[in-house]
Amino acid sequence: KSDPAVLYDLLAEPREVSWLQTRLAYTDLISAVREVHPKSLIFVSGLTWGRRINEYADDPLPFENIVYRSNPYNHAGQFEDLFGKIAAKYPVFLGEFGPSPDMTVEDAKALLEYAQQLGIGWTAWAFQSVGCPCLLSEWETFARSEYGEIVYQALKSGSAPESKFGFE
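Residues numbered from 1 in each chain as written. Predicted model: local features only at pLDDT ≥ 70, side-chain atom pairs only at ≥ 80, totals over all residues. Heavy atoms only, no water.

Caption draft 1: View of the pairing of strand 2 (residues 41–45). Burial runs high along strand 2: five of the five residues are buried. By the alternation rule, side chains of strand 2 split into Leu41, Phe43 and Ser45 and Ile42 and Val44, which are all buried. Pairing of strand 1 (residues 7–9) with strand 2 involves three bridges; the strand directions are parallel. Residue pairing in the sheet places aspartate 9 in a bridge with phenylalanine 43 of strand 2. (Buried < 20%, exposed > 50% of the residue type's maximum accessible area, 1.4 Å probe, protein only. Helix = DSSP H or I, 4+ residues; strand = E, 2+ residues; numbered from the N terminus. Pairing = 2+ DSSP bridges.)

Caption draft 2: Highlighting the packing of helix 4 (residues 105–118) against helix 5 (residues 146–156). Where helix 4 meets helix 5, the closest approach of the two axes is 9 Å, and the angle between their N-to-C directions is 15°. Taken together, the axis directions place helix 4 and helix 5 in an arrangement best described as roughly parallel. Once helix 4 is placed against helix 5, the crossing between them reads as right-handed. Contact residues: helix 4 offers Val105, Ala108, Lys109 and Leu112, while helix 5 offers Glu146, Tyr147, Ile150, Val151 and Ala154. (Axes fitted to C-alpha atoms, helices over the stretch in contact; angles between N-to-C directions. Parallel < 35°, antiparallel > 145°, perpendicular 65-115°, else oblique. Left-handed = near helix turned anticlockwise from the far one by under 90°. Contact = heavy atoms within 4.5 Å.)

Caption draft 3: A look at the side chain of histidine 37. Following the sequence through the fold, histidine 37 ends up in the loop between helix 1 (19–36) and strand 2. Reaching out from histidine 37, the side chain makes a polar contact with the side chain of tyrosine 8 at a distance of 3.4 Å. (Polar contact = N/O pair within 3.5 Å; in protein donor to acceptor, adjacent residues only side chain to side chain.)

Caption draft 4: How the structure looks around helix 1. Here helix 1 is 18 residues long and its end C-alpha atoms lie 26 Å apart, about the 26 Å a rise of 1.5 Å per residue gives. In this structure, the buried residues of helix 1 make contact with strand 1, strand 2, helix 2 (47–50) and strand 3 (66–70). (Expected span 1.5 Å × (residues − 1).)

Caption draft 5: Region of the structure containing the nonpolar core. Counting residues in each nonpolar core, the largest one holds 33 residues, and the members touching the most others are Val44, Tyr56, Tyr68, Phe83, Val92, Phe97 and Ile120. In terms of residue count, helix 4 provides more of this core than any other element does, seven residues in total. Those residues in contact with tyrosine 56 that sit more than four places away from it in its chain are Trp19, Thr22, Arg23, Tyr26, Val44, Ser45, Gly46, Leu61, Tyr68, Ile86 and Tyr90. (Core = buried A, V, L, I, M, F, W, Y, C linked by side-chain atoms within 4.5 Å.)

Caption draft 6: Broad picture of helix 4. Between the first and last C-alpha of helix 4 there are 20 Å, a value that for 14 residues agrees with the 20 Å anticipated at 1.5 Å per step. Of the positions making up helix 4, those classed as buried are Val105, Asp107, Ala108, Leu111, Leu112, Tyr114, Ala115 and Leu118. Of the surrounding secondary structure, the elements contacted by the buried residues of helix 4 are helix 3 (79–84), strand 4 (92–94), strand 5 (121–122) and helix 5. Measuring from the backbone nitrogen of glutamate 106 back to the side-chain oxygen at the start of helix 4 gives 3.3 Å, which picks out threonine 104 as the cap.

Caption draft 7: A look at the pattern of salt bridges. In the structure shown here, the tally under the stated rule is seven salt bridges. Residue arginine 51 pairs with aspartate 102 through a salt bridge whose shortest N-O separation is 3.8 Å. Residue arginine 51 is found in the loop between helix 2 and strand 3, and its partner aspartate 102 is found in the loop between strand 4 and helix 4; the two are separated by 51 residues along the sequence. A relative accessible area of 37% means that aspartate 102 is categorised as partly exposed. In this structure, arginine 52 engages glutamate 55 in a salt bridge whose closest nitrogen and oxygen atoms are separated by 2.7 Å. Owing to a relative accessible area of 29%, arginine 52 belongs among the partly exposed residues under this scheme. We classify glutamate 55 as partly exposed; its relative accessible area is 28%. Shared partners join several salt bridges into a network, and the residues in it are Asp58, Lys85 and Lys89. (Salt bridge = Lys/Arg side-chain N within 4 Å of Asp/Glu carboxyl O.)

Caption draft 8: Local environment of the pairing of strand 3. Within strand 3, five of the five residues are buried, leaving the element largely enclosed by the surrounding structure. Alternating residues of strand 3 divide into Ile66, Tyr68 and Ser70 and Val67 and Arg69, and every residue in both groups is buried. Where strand 3 meets strand 4, three bridges bridge the pair, whose relative direction is parallel. Following the sheet pairing, arginine 69 is matched in strand 4 by phenylalanine 93. The parallel pair strand 3 and strand 4, bridged by helix 3, forms a crossover whose chirality is right-handed. (Right-handed = clockwise from strand over helix to strand, strands pointing away.)

As structure tokens, then:
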């Protein structure tokens, strides 16, 4: 309960529920976590498999130390509508992304550039060679896929964004 390294991600990918149901669930869950760990860092995702978080921009959850998280498996032209608005006001993190039926390798590259521009941290999905999106093309040798190379170069460049938000 006192370990500041513990991060909570309470609802990974809400779907097939209403915005109100999701918001009420988060309010209850965050309240319960805060009873035990009052300063914990909690990730909050949105609807549509956790992709849409802009809805919180004008109506944020009434708690401290909240990071709004998106899983933007989308085309580059949709990023602003998913999380671009909220990123100007609140901490945002991209929990996972990668080439899929809705996201090309070029979209993934554009996402990393947009995240850098907005000062958003991210993690890539997944460190494997099967069950896409895959950072590896060959598991035995750890050969990178085209997507893996883009992520590798982004990490290697050392151009990680600096957070404009402080946490207690």
